[in-house]
Amino acid sequence: VVTVSEAPLYLRGGVTGAGWNAEESNQLGFMAMDDANLAEASHTYSLEVDYAGGLQKFKVADEGWGGTYGYNYGAELADTKVELGVALPLTNGGQDITIDVPAGTYVFAFEDGVTKTMTVTAK
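Residues numbered from 1 in each chain as written. Predicted model: local features only at pLDDT ≥ 70, side-chain atom pairs only at ≥ 80, totals over all residues. Heavy atoms only, no water.

Draft legend 1. Broad picture of the packing of aromatic side chains. Tallied over the full model, the rule gives five aromatic pairs. Look at phenylalanine 58 and phenylalanine 108: their rings are 5.4 Å apart centre to centre, the planes differ by 90°, and that puts the pair in the edge-to-face class. With phenylalanine 58 in strand β4 (residues 54–61) and phenylalanine 108 in strand β9 (residues 104–111), this pair connects stretches of sequence that are 50 residues apart. As far as the burial class goes, phenylalanine 58 and phenylalanine 108 line up, both buried. Both rings, one in tyrosine 73 and one in phenylalanine 110, keep their centres 5.3 Å apart while their planes meet at 45°; by these two values the pair is tilted. Separated by 37 residues along the polypeptide, tyrosine 73 in strand β5 (residues 72–74) and phenylalanine 110 in strand β9 bring together distant segments of the chain. Taken individually, tyrosine 73 and phenylalanine 110 each receive the classification buried, so the pair is uniform in this respect. (Phe/Tyr/Trp six-rings, centres within 6.5 Å; stacked < 30°, edge-to-face > 60°. Helix = DSSP H or I, 4+ residues; strand = E, 2+ residues; numbered from the N terminus. Buried < 20%, exposed > 50% of the residue type's maximum accessible area, 1.4 Å probe, protein only.)

Structure representation (structure tokens):
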């Protein structure tokens, strides 16, 4: 018997108003590979964020910090800073990710397939 269940992931940390909490406002959503087919989804979760700017830290995690669905992704090394438009490899149980960009709207995209990467782009 195969059971499929939703595994909500959250962008947790100082980049959203929800902070380090797991709330609906910082929940990542699937990015469709084919916009015409809403049932088709990639392995990429994303969230558009109105970022206040400056230095902050964040991670990608489930509601139980990995204890619920096994997701607690961060950088391999402490103080690793994400660069806009560059995929940053993440590791489960990793360190907080650092970001330092001006105020603006950004898309945070976590690729959960093969690469396990975070890419932040300006909108």
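Draft legend 2. Local environment of the sheet that holds β9. The five strands lie next to each other as β2-β3-β9-β10-β6, forming an open sheet whose pairing is antiparallel. On the outer flanks of this sheet lie β2 (29–30) and β6 (88–89), each paired with one strand and no other. Bridge count between strand β3 (residues 44–51) and β9: eight bridges; the pairing is antiparallel. Across the sheet, the residue bridging to valine 49 is tyrosine 106, located in β9. (Pairing = 2+ DSSP bridges.)

Draft legend 3. Structural context of the pairing of strand β1 (residues 10–13). Here β1 shows two buried faces, one formed by Tyr10 and Arg12 and the other by Leu11 and Gly13. Bridging between β1 and β4 involves four bridges; their strand directions are antiparallel. Directly across from glycine 13, in β4, lies its bridge partner phenylalanine 58.

Spatial relationships are all this shows, so hold off on functional conclusions.
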